[in-house]
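Chain and residue survey
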Amino acid sequence: RHVRLVAATRARGAQVGLAVTHLPLKGHSEVAVVAPDQHGVLAAIAGALVAYRVDVLGAVVGHAEPVGGAPSVALDLFFVRDRVGAAIAADDARWARLEADLAALVADGAPSPDAVAALIGRRRPPSGLPPRVTPAIATEIRVDNSESTEATIVEIFTRDRTGVLHAITRTLADADLDITLSKISTEGEKVADVFYVTRAGAKLLAAADLDALRERLAAALAELPG
């Protein structure tokens, strides 16, 4: 699916491509996204999904190096539903608008966090509904260097809330970290996300850097509403 999407995106001279597979019997849709492999692009995609009230149940995030010297591309697959728990149709009008907004965010290089925040504020005004009551789930953040020779592994377990993925990925981007691979999953009300990250192509080795990353992630999650 990603190979076809990359080819179609290039054929029309675009930087961003999006393809949706509607799976109502599974209760979710699959959204494949192709975008420039730039710093902060996952945070931009996550923010755009928040802006359009798309709930992320899980994701597999990676990138590819095309042959012939072409720039690398981000290849991300999201499992999503709407805020009432239903799969979102492939012809839903929000997909075309979301793709256009993503293209605008990456048009001039790495997406700006301020531009992503402005998109969320513009497309998703504050809700007047009372916050959803969910079971208390403690946040746990693990940072490990023993399981990979090339990247630091960040594991985050926390309660599912609107904007969790965006908060995490923006914090990683703000810490000047690049995500080489990620697996995101939601089980009930619990989020379990894993990120392989590097800084300037290398693992984080200094204890102070690891501690600072844990603190920044914990603070970002503590600021989420609900």
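Now for a look at the structure at hand.

The rules behind each value
Residues numbered from 1 in each chain as written. Predicted model: local features only at pLDDT ≥ 70, side-chain atom pairs only at ≥ 80, totals over all residues. Heavy atoms only, no water. Helix = DSSP H or I, 4+ residues; strand = E, 2+ residues; numbered from the N terminus. Buried < 20%, exposed > 50% of the residue type's maximum accessible area, 1.4 Å probe, protein only. Areas by Shrake-Rupley, 256 points an atom, 1.4 Å probe, with all protein chains shown as cover. Lys, Arg positive; Asp, Glu negative; His and termini not counted. Charge placed at Lys NZ, Arg CZ, Asp CG, Glu CD. Patch = residues over 30% accessible without salt bridge, like charges linked within 9 Å, V, L, I, M, F, W, Y side chains within 5 Å. Salt bridge = Lys/Arg side-chain N within 4 Å of Asp/Glu carboxyl O. Pairing = 2+ DSSP bridges. Axes fitted to C-alpha atoms, helices over the stretch in contact; angles between N-to-C directions. Contact = heavy atoms within 4.5 Å.

If you tally the helices and strands in the chain, you get six helices and eight strands. For the chain, the sequential pattern of α-helices and β-strands runs α-β-β-α-β-β-α-α-β-β-α-β-β-α. Along the first, second and third principal axes, the C-alpha atoms of the chain reach 50 × 45 × 35 Å. Residues counted as buried form 46% of the 226 residues belonging to the chain. Working note: accessible area of the chain is about 11200 Å², and carbon and sulfur atoms make up 55% of it. Positive and negative side-chain charges of the chain, numbering 24 and 28 respectively, have mean locations separated by a distance of 6 Å.

In this section: a negative patch on the surface. Together, Asp37, Glu65, Asp176 and Asp178 make up a region of like negative charge exposed at the surface. One can find glutamate 65 in the loop between strand E3 (54-64) and strand E4 (73-82).

What follows concerns the sheet that holds E4. If you trace the eight strands from one edge of the open sheet to the other, you get E1-E2-E4-E3-E7-E8-E6-E5, paired in antiparallel fashion. Edge positions in the sheet fall to strand E1 (17-23) and strand E5 (140-144), since each has one partner strand and no second. This sheet shows a mean twist of 15 degrees between the axes of neighbouring strands, independent of strand direction. Bridge count between E5 and strand E6 (residues 152-159): five bridges; the pairing is antiparallel. In the strand pairing of E6, glutamate 140 is matched with phenylalanine 157. Across the face of the sheet, helix H2 (residues 41-51) comes into contact with strand E2 (28-36), E3, E4, strand E7 (178-187) and strand E8 (190-198) while running at roughly 20 degrees to E4. Taken strand by strand, helix H3 (residues 93-106) contacts E1, E2, E3 and E4, and its axis lies near 150 degrees from that of E1.

Another point: the environment of leucine 105. As for its position among the elements, leucine 105 is in helix H3. With a relative accessible area of 12%, leucine 105 lands in the buried category. Sequence separation between leucine 105 and threonine 21 is 84 residues, and the spatial gap between their C-alpha atoms is 24 Å. Once you skip the residues sitting within four places of it in the chain, leucine 105 turns out to touch Ala44, Pro111, Ala115, Val116 and Leu119.

Glancing now at the pairing of E1. Both E1 and E2 contribute to a ladder of seven bridges, which runs antiparallel. Its bridge partner being in E2, threonine 21 is matched across the sheet by glutamate 30.

With nine of its eleven residues buried, helix H5 (residues 164-174) lies for the most part within the structure. Where H5 is concerned, the buried positions are Val164, Leu165, His166, Ala167, Ile168, Thr169, Thr171, Leu172 and Ala173. Downstream of H5 by one or two residues, aspartate 176 has phi in the positive range, about 65 degrees.

With that out of the way, let us pick up the pairing of E8. Here E6 pairs with E8 via eight bridges, running antiparallel. Bridge assignment links threonine 158 to a residue of E8, and that residue is valine 191. With nine bridges joining them, E7 and E8 adopt antiparallel strand pairing. Note that in E8 the partner of threonine 186 across the bridge is valine 191. The antiparallel pairing of E7 with E8 creates a hairpin that spans two residues between the two strands, and glycine 188 there sits at a positive phi of about 65 degrees.

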